Amino acid sequence: MTSSPRLVRDVMTRIVVSVTPLAEFKEIVAVMKQWRVTAVPVIEGEGAGAGRVIGVVSEADLLPKEEFRDHDPGLIEQMRRLGDTSKAGSILARDLMTAPPVTVRPDTTLSRAARLMAERHIKRLLVVDPDGTLQGIVSRADLLKVFLRPDGELADEIRREVVGRLFPLAQHRVRVDVHHGVVTLSGGILDASLIPVAARLARAVEGVVDVNCALTASAARTAGA
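Quick summary incoming for the structure in this document. Keep in mind the model is a prediction, meaning the values are calculated, not measured.

**A word on the overall build of the chain**
(1) Moving on: Of the regular secondary structure elements, the chain holds 11 helices and 8 strands.
(2) Moving on: Within the span of the chain, comprising 225 residues, buried residues form 40% of the whole.
(3) Moving on: With an accessible surface of roughly 13100 Å², the chain has 54% of that area assigned to carbon and sulfur atoms.

**A few points about helix H9 (residues 151–166)**
(1) Moving on: For H9, which comprises 16 residues, the first-to-last C-alpha distance of 21 Å matches the rise-based estimate of 22 Å (1.5 Å per residue) to within 8%.
(2) Moving on: When the local axis directions of H9 are compared, the greatest deviation, roughly 35°, occurs at arginine 159.
(3) Moving on: Those residues of H9 not exposed but buried are Leu154, Ala155, Glu157, Ile158, Glu161, Val162, Val163, Gly164 and Leu166.
(4) Moving on: Taken together, the buried residues of H9 touch strand S6 (174–179), strand S7 (182–189) and helix H10 (195–203).

**Description of the sheet that holds strand S5 (residues 134–139)**
(1) Moving on: Pairing is mixed across the open sheet formed by 3 strands, whose spatial order is S3-S4-S5. Where the open sheet ends on each side, the last strands, each with one partner, are strand S3 (103–104) and S5.
(2) Moving on: Of the strand pairs in this sheet, S3 and strand S4 (residues 124–128) are connected by 2 bridges, and their pairing is parallel. The residue bridging valine 104 from the neighbouring strand is valine 127, located in S4.
(3) Moving on: Its contacts with the sheet place helix H7 (residues 110–120) against S3, S4 and S5, and it is angled at close to 130° to S4.

**Points about H7**
(1) Moving on: Restricting attention to buried positions, one finds in H7 the residues Leu110, Ala113, Leu116 and Met117. Taken end-on, H7 shows its buried residues confined to a sector of 120°, consistent with a single buried face.
(2) Moving on: Those residues of H7 that are buried lie in contact with helix H1 (8–11), S3, S4, S5 and helix H8 (140–143).
(3) Moving on: Two residues or fewer after H7 comes histidine 121, characterised by a positive phi angle close to 55°.

**Some details on the nonpolar core**
(1) Moving on: Counting 23 residues, the largest nonpolar core has Ile158, Phe167, Val176, Val183, Leu185, Val208 and Val211 as its most contacted members.
(2) Moving on: Only H9, S6, S7, H10 and strand S8 (210–217) provide two or more residues apiece to this core.
(3) Moving on: Here this core gets 6 residues from one element, more than from any other, and that element is H9.
(4) Moving on: Sequence-distant contacts of valine 183, that is, excluding residues within four places in its chain, are made with Ile158, Val176, Asp177, Val178, Val208, Asp210, Val211 and Asn212.

**Comments concerning the environment of glutamate 157**
(1) Moving on: Mapped onto the fold, glutamate 157 is located in helix H9.
(2) Moving on: Among the polar contacts made by the side chain of glutamate 157, one reaches the side chain of arginine 149 at a distance of 2.8 Å.

**Quick word on the pattern of salt bridges**
(1) Moving on: Per the stated rule, a full pass over the model turns up 11 salt bridges.
(2) Moving on: Across the pair glutamate 44 and arginine 52 runs a salt bridge whose closest N-O atoms are separated by 3.9 Å.
(3) Moving on: Of the residues examined, glutamate 44 reaches a relative accessible area of 27% and is grouped as partly exposed.
(4) Moving on: Looking at arginine 52, the relative accessible area reads 35%, which means it is partly exposed.
(5) Moving on: Arginine 112 is paired through a salt bridge with glutamate 119; the nearest N and O atoms lie 3.8 Å apart.

**Digging into the packing of H9 against H10**
(1) Moving on: For the pair H9 and H10, the least separation of the axes is 10 Å and the interaxial angle reads 160°. It follows that H9 is roughly antiparallel to H10 by the angle criterion. Read as a crossing pair, H9 and H10 show a hand that is right-handed. Two secondary-structure elements touch here, H9 through Ile158, Val162 and Leu166 and H10 through Val197, Ala198, Leu201 and Ala202.
(2) Moving on: For the contact of H9 with H10, the per-class residue count stands at 7 nonpolar, no polar and no charged.

**Points about the pairing of S8**
(1) Moving on: Summarising the sheet, S7 and S8 pair through 8 bridges and their orientation is parallel. Note that in S8 the partner of valine 183 across the bridge is valine 211.
(2) Moving on: This β-α-β element, S7 to H10 to S8, shows right-handed connectivity.

**Comments concerning the pairing of S5**
(1) Moving on: Pairing of S4 with S5, which is carried by 5 bridges, proceeds in the antiparallel orientation. Residue pairing for S5: valine 127 is matched across the bridge by glycine 136.

Definitions and cut-offs
Residues numbered from 1 in each chain as written. Predicted model: local features only at pLDDT ≥ 70, side-chain atom pairs only at ≥ 80, totals over all residues. Heavy atoms only, no water. Helix = DSSP H or I, 4+ residues; strand = E, 2+ residues; numbered from the N terminus. Buried < 20%, exposed > 50% of the residue type's maximum accessible area, 1.4 Å probe, protein only. Areas by Shrake-Rupley, 256 points an atom, 1.4 Å probe, with all protein chains shown as cover. Expected span 1.5 Å × (residues − 1). Bend = angle between axes of the 7 residues up to and from the residue. Contact = heavy atoms within 4.5 Å. Pairing = 2+ DSSP bridges. Axes fitted to C-alpha atoms, helices over the stretch in contact; angles between N-to-C directions. Arc of directions from axis to C-beta. Core = buried A, V, L, I, M, F, W, Y, C linked by side-chain atoms within 4.5 Å. Polar contact = N/O pair within 3.5 Å; in protein donor to acceptor, adjacent residues only side chain to side chain. Salt bridge = Lys/Arg side-chain N within 4 Å of Asp/Glu carboxyl O. Parallel < 35°, antiparallel > 145°, perpendicular 65-115°, else oblique. Left-handed = near helix turned anticlockwise from the far one by under 90°. Nonpolar A, V, L, I, M, F, W, Y, C, P; charged D, E, K, R; others polar. Right-handed = clockwise from strand over helix to strand, strands pointing away.

Structural data, given as structure tokens:
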């Protein structure tokens, strides 16, 4: 019932620094430091697949080199951490990267992107087009931008998309107040069954932090009169 959900394209970072599969360890570290990022996508640099994302190198992929610098893992540890020990001895992005990368399309909803991050225990998602070409990157911080929507903007949307549609004949009796993202619905309506519906729909508006529902229904309608 509410307006179209916000999409990844609305909050993603479009300028993304990347490296090629042949980028060396020190080059990757230097790029991360220069651009103040914790991960860089690895992109095919030539041929038919040029621009296509094939992996991502994060700080976690680089740390094993320091961890195992003066430590020779035993056989059991090598078997248990085969990926880390392999990366400790690698110097090229193609051997250090995590692949395949977890990606989303620009038209993915923010809620779906948030669920994917939670499910995969990752801090960022690469945004690609249908051909796998990099379009941007979306982080946890980007997803939280929706909570920066002004209170007035939230109130307007709730009045229009929730109150106006649920209570078209009684919307003048419903008050919508928003303070720091917390919505308060108050006033009197005729149908008590719509009170939880109004609260649920208001809470579903992107950027809403919480909803206090103080709506009341007339005794006559509630009693079935």
